[in-house]
Amino acid sequence: MKILIVDDEPLIRRSLRRASEIKNHVVKEAQNGAEGLKQWLEFQPDLVILDVLMPVMDGPTLLSKRPKDKAKVILISAFTGEYDAAKAHSLGADIFIPKPFDNIFEIVQRAEGLIKNG
Amino acid sequence: MVTEQQTELSIVCEIPELISPLQKMGVKKLFTSLPAGHSTDVLFAPYSEKVLDASAFLKVIVHSNWSNKELIRAKSDLNAFALLELNSSGMDIFLQLESLLNEIKIQIHWMQTLHDERERNKILSLEHADLSEVLQSFVSLNRESLKVHKEQNRNLKKNSFFLKRLNEAAEMSEILAIIREESKTFRGLGDPILVIHQKGRSQVLFFQNRAIAEKRMDIEFSNSQQWRQQLANILARPMGPILSLEVDQKVALLFEHQMSGEPLDKVQREWSGLLGAVAVSVERLRLDQDLREASFFWEKTFDGLDEPIGILDSQNRVIRGNRPFQPDLLTDLTKETIRRNGRVYHLQKYPIKFGEDVQSDSRVVHFSDQTAQFQLKQHMIQTEKIAALGQLAGHIAHELNNPLTGIRSLCQLLSSDLNVPEAQREDLKEVERASERCQRIITNLLEYSKPNSSGSSVLTEVNEVVNNTLPFLKTLLGFLNVDLQLSSKELWSLVDPHMLQQVVFNLIANACHAMGKRGQLSIRSSLQGKFIQIEIEDSGGGIREEIREQIFDPFFTTKPAGEGTGLGLSFSRNFLRSCGGDLILKKSDSTGSNFVIQLPHKEEPA
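Conventions and cut-offs
- Chains are numbered independently. Their residues run from 1 in the order of the written sequence.
- Following the order in which they are written, the chains are lettered starting with A and the ligands numbered starting with 1.
- Only residues with pLDDT of at least 70 get local features here, since the model is predicted, and only at 80 or more are side-chain atom pairs given and counted; chain-wide, interface and lining totals rely on the full set of residues.
- By convention in this description, side-chain values take in all heavy atoms of the structure and omit both hydrogens and water.
- Under the DSSP-based scheme used, a helix requires at least four consecutive residues in state H or I and a strand at least two consecutive residues in state E, with every element numbered from the N terminus.
- Think of it in three bands: with a 1.4 Å probe and only protein chains considered, a residue is buried below 20% of the maximum accessible area for its type, exposed above 50%, and partly exposed in between.
- Here, two residues are considered to be in contact whenever any of their heavy atoms come within 4.5 Å of each other.
- Areas reported as accessible are Shrake-Rupley estimates using a 1.4 Å probe. Residue values count occlusion only from the protein chains shown.
- The arc under discussion is defined with respect to the helix axis, by the directions toward the C-beta atoms.
- To count toward a patch, a residue needs a relative accessible area above 30% and no salt bridge. Like charges then connect within 9 Å, nonpolar side chains (Val, Leu, Ile, Met, Phe, Trp, Tyr) within 5 Å.
- One side-chain nitrogen of Lys or Arg within 4 Å of one carboxyl oxygen of Asp or Glu is enough to make a salt bridge.
- A pair of strands is treated as paired once DSSP finds two or more bridges between them.
- The axes are straight lines fitted to the C-alpha atoms, using for helices just the contacting stretch, and the angles between their N-to-C directions are given from 0 to 180°.
- Two aromatic rings, drawn from Phe, Tyr or Trp (for Trp, its six-membered ring), form a pair once their centres lie within 6.5 Å of each other, and the interplanar angle then sorts them: stacked below 30 degrees, edge-to-face above 60, tilted otherwise.
- Counted as over-ring charges are cases with an Arg CZ or a Lys NZ within 6 Å of the ring centre that also lie within 35 degrees of the ring normal.
- N or O atoms within 3.5 Å of each other form a polar contact, as long as, within protein, one can give a hydrogen and the other can take it, and as long as residues adjacent in sequence are counted only when both atoms are side-chain atoms.
- We call a set of buried residues a nonpolar core when its members are Ala, Val, Leu, Ile, Met, Phe, Trp, Tyr or Cys and they connect through side-chain atoms within 4.5 Å of each other.
- To estimate how far a helix should extend, the number of its residues minus one is multiplied by 1.5 Å.

Draft legend 1. Structural view of the overall build of chain B. Tallying secondary structure elements over chain B gives 13 helices and 22 strands in all. Out of the 606 residues in chain B, the part that is buried amounts to 38%. Within chain B, counting contacts between residues at least 6 apart in sequence, those at least 24 apart form 55% of the total. A total of about 36,300 Å² of accessible surface is found on chain B, and carbon and sulfur atoms cover 53% of it.

Now the structure itself:
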């Protein structure tokens, strides 16, 4: 599947890309919300992995401007207090995964699960 | 020769033959017989019984032819002056008479003179007697007055002795005893009772069973029945007649007595005089007492002030200091803020003023204890810092989290990539573990710096909290020997984990401070009945007995001012108690201290 990774942290983008590419997914990256929106429109991903706190435009703002397509959204963030599953849903995301990740492979698995289940 | 007086001689001649010769001789007063009861100067008479009785100055016995014997007898019997013999011739008689008369006249003259002399002597001796009498009475008067003076002197001596003793009396009861000594000399006078006037009250000292008792009455002294009745009540016996003496409405002296009349008056007079001295002594003792009390109160107040206050002279030498005052506080009088023994003082100096103009050279130095305010300020600063830090920490943590997540994830990827040699994969695994540890620290930091206000109790596993806290203390734990004995069983309690972590952190930090570079820290957790216990034991020097209760007081700290806030133990205990637990200092001696966190145990969640 096509996966768009929107996060301002290079290492996170890199590791997510690598973990996804091992599973033969196609990956595009964006380092802030604005770029992410551009990529979303161009790339038309199946899945967007989106960070909350980013310069220029943050995750929630991007979600409010997202194209109305069928892409699934995984919201990732270090702020476990303010954001949880319910909040993520209300913003338009499908699941919420807190940082730090215990296991990078697991992230990809959950992403696949999302797509498979529709 | 014969004087004029002689012509006045009165002669009685009972011999007829002698009449005419005597006349011829010029005797004017010539009689022939001496009537009874009369006296004459010369008597011429024959020897007879009558002559014995005749009263004449000189008796001449006329005889004829007497023998010597008869002559001697006549002279002695009759006490005759002369004897005239009549047998002689006329001329003889005449011659005899003449010489006789001359003799008589001389004799009488002599007698007269003698008589006069005697009379004069009598007068003189009378006068002399008078004089003696005067002298005598003068002497006896003097003696009398000497006696009186002696008595007065004695009295004076006695009185001055009395006064001296009064002056030396150090207690009211002594005064009463002295009065009794003095009054013992009066029989019929009972023991004295001393009444000292006070406003609305009377202080009464009296003898009771050989001792002196003192009682107070709630009415002012007066000679009224009412007062006397109260006095009888105090003495617990009826009273007889009382002699009451009062001075200046200050002091009254009462004597029970069985006297009356003059002795009683004497007592009254004497004691009225002495009472003035008694009043003066009583007044002196009262002033002494007041002075002592005032001095005592001042001393107690001065010493009771818990801030150090000293009085210095112009050379900055200490004249007087209260109990908390230590001379070593004076090392630098120019500094406004002084820190000593863990306290922070603000130095205030002001000169001592006596009256309007006179300014003494001395001054008062007052070390005002500002420790609490100082610590509060520090605490507030620190709280703000922490709050600011908390916010900052949140941002920093987040900033760090991102790259760390990346590092960790990438490591995971690489260590599972079989294209990478085994050794390097192992290395990468180590890197991953290290970054995981970093993440844990950051997570804990984030949690720790969260504001407490909305701290909520959740079911918390206590051992985990302990484990989470330790990484924060790595520096502090340094080279210490840490003995961790957490229970293998999970221990759950309903508590705010952040707060609990702060408590554990606090106690371990304290333990580390108590030990310094070397020591043994033991951390044990266990279940004791219904309570979970976390014991934090150090091998430091222990906590002094005197402050073991104080350590839980807010703001109490043994750290120098500026380090630590003194709030740790106080807040910790309050928090634990609010959870149904407690913070207990189980043991503290020279081998170290052992603090125990107690929490109510909640059954393991299903």
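This is not the end of the story, as more comes after the structure.
Draft legend 2. Summary view of helix α3 (residues 68-78) of chain B. Residues and elements named next belong to chain B. Every buried residue of α3 is accounted for by L71, A74 and L78. Down the axis of α3, the buried side of the element spans an arc of 70°, and every buried residue falls inside it. Across α3 from its buried face, at more than 90 degrees, point the exposed residues N68, K69, I72 and S76. Where the residues of α3 are buried, they touch α2 (49-53), β4 (55-63) and β5 (82-85). Phi for N79, located one or two positions after α3, is positive at around 55°.

Draft legend 3. Looking closely at a nonpolar patch on the surface. All names here are of chain B. On the surface, a nonpolar cluster with roughly 260 Å² of combined accessible area is contributed by L392, I396 and L400. Structurally, the position occupied by L392 is in helix α8 (residues 371-415). Of the residues examined, L392 reaches a relative accessible area of 46% and is grouped as partly exposed.

Draft legend 4. Layout of the sheet that holds strand β5 (residues 95-98) of chain A. Residue and element names in this part refer to chain A. If you trace the 5 strands from one edge of the open sheet to the other, you get β2-β1-β3-β4-β5, paired in parallel fashion. Because the sheet does not close on itself, it has two edges, and the strands there are β2 (26-30) and β5. Put simply, the sheet's adjacent strands are angled 20° from each other on average, direction ignored. Pairing geometry for strand β1 (residues 2-6) and β2, over 5 bridges, is parallel. Note on β2: the bridge partner recorded for L4 is K28.

Draft legend 5. Looking closely at the packing of aromatic side chains. In this structure the tally under the stated criterion is 8 aromatic pairs over all chains. Ring plane angle 85° and centroid distance 4.7 Å describe the contact between F221 of chain B and W227 of chain B, whose orientation is recorded as edge-to-face. The residues F221 of chain B and W227 of chain B share a single accessibility class, namely buried. Aromatic pair F255 of chain B and W271 of chain B: ring centres 5.4 Å apart, planes at 55°, arrangement tilted. Remark: W271 of chain B occurs in helix α7 (residues 261-304) and F255 of chain B occurs in strand β10 (residues 251-257); sequence separation between them is 16 residues. When its relative accessible area of 0% is taken as the criterion, W271 of chain B is described as buried. Every member of this aromatic cluster is reached through a ring pair, and the members are F162, F255 and W271 of chain B. Directly above the ring of F43 of chain A sits K2 of chain A, whose terminal nitrogen or CZ lies 5.5 Å from the centroid.

Draft legend 6. Looking closely at the side chain of S588 of chain B. Residues and elements named next belong to chain B. Note that S588 resides in strand β21 (residues 582-589). At 3.1 Å, the side chain of S588 and the side chain of S593 are in polar contact. Ignoring anything within four residues of it in the chain, the contact list for S588 reads G542, I543, R548 and S593.

Draft legend 7. Spatial organisation of the environment of L62 of chain A. Residue and element names in this part refer to chain A. For L62, the position within the fold is in helix α3 (residues 59-65). Remark: the alpha-carbon pair of L62 and L91, spanning 29 residues in sequence, is separated by 9.9 Å. Excluding residues within four positions of it along the chain, L62 makes contact with V6, G33, G36, L37, W40, L50 and M57.

Draft legend 8. Representation of the pattern of salt bridges in the model. Residue and element names in this part refer to chain B. Applying the stated criterion across every chain yields a total of 30 salt bridges over all chains. Residues R269 and E262 are paired through a salt bridge, measuring 3.3 Å at the closest nitrogen-oxygen approach. Since its relative accessible area comes to 52%, R269 is described here as exposed. What makes E262 partly exposed here is its relative accessible area of 48%. The salt bridge involving E537 is made with R524; its shortest N-O contact spans 2.6 Å. With E537 in strand β20 (residues 531-537) and R524 in strand β19 (residues 520-528), this residue pair connects regions lying 13 residues apart in the sequence. The buried category is assigned to E537, whose relative accessible area is 18%. It is possible to trace a salt-bridge network through shared partners that takes in R524, E535, E537, K586 and K587.

Draft legend 9. Here's a closer look at the nonpolar core. Residues and elements named next belong to chain B. The biggest cluster of nonpolar side chains holds 36 residues, and the ones touching the most others in it are L500, I508, F595, I597 and L599. Elements represented by at least two residues in this core include exactly α10 (462-469), α12 (497-515), β19, β20, α13 (568-578), β21 and β22 (592-600). Top element by residues in this core is α12. It accounts for 9 residues. Filtering out sequence-adjacent residues up to four positions away, I597 remains in contact with L500, V503, V504, L507, I532, Q533, I534, I536, L576, D582 and L583.

Draft legend 10. Focus on helix α5 (residues 172-183) of chain B. Residue and element names in this part refer to chain B. When the terminal C-alpha atoms of α5 are compared, their 17 Å separation across 12 residues agrees well with the 16 Å that a helix rising 1.5 Å per residue should span. Taken together, the buried positions of α5 are occupied by M172, I175, L176, I178, I179, E182 and S183. Each buried residue of α5 sits inside an arc of 160° when the element is viewed along its axis, so together they form one side.

Draft legend 11. The arrangement of the pairing of strand β3 (residues 39-46) of chain B in detail. All names here are of chain B. Across 3 bridges, strand β1 (residues 10-13) lies against β3 in parallel orientation. Note that in β3 the partner of C13 across the bridge is F44. Where β3 meets β4, 7 bridges bridge the pair, whose relative direction is parallel. The partner of S39 across the bridge, within β4, is S55.

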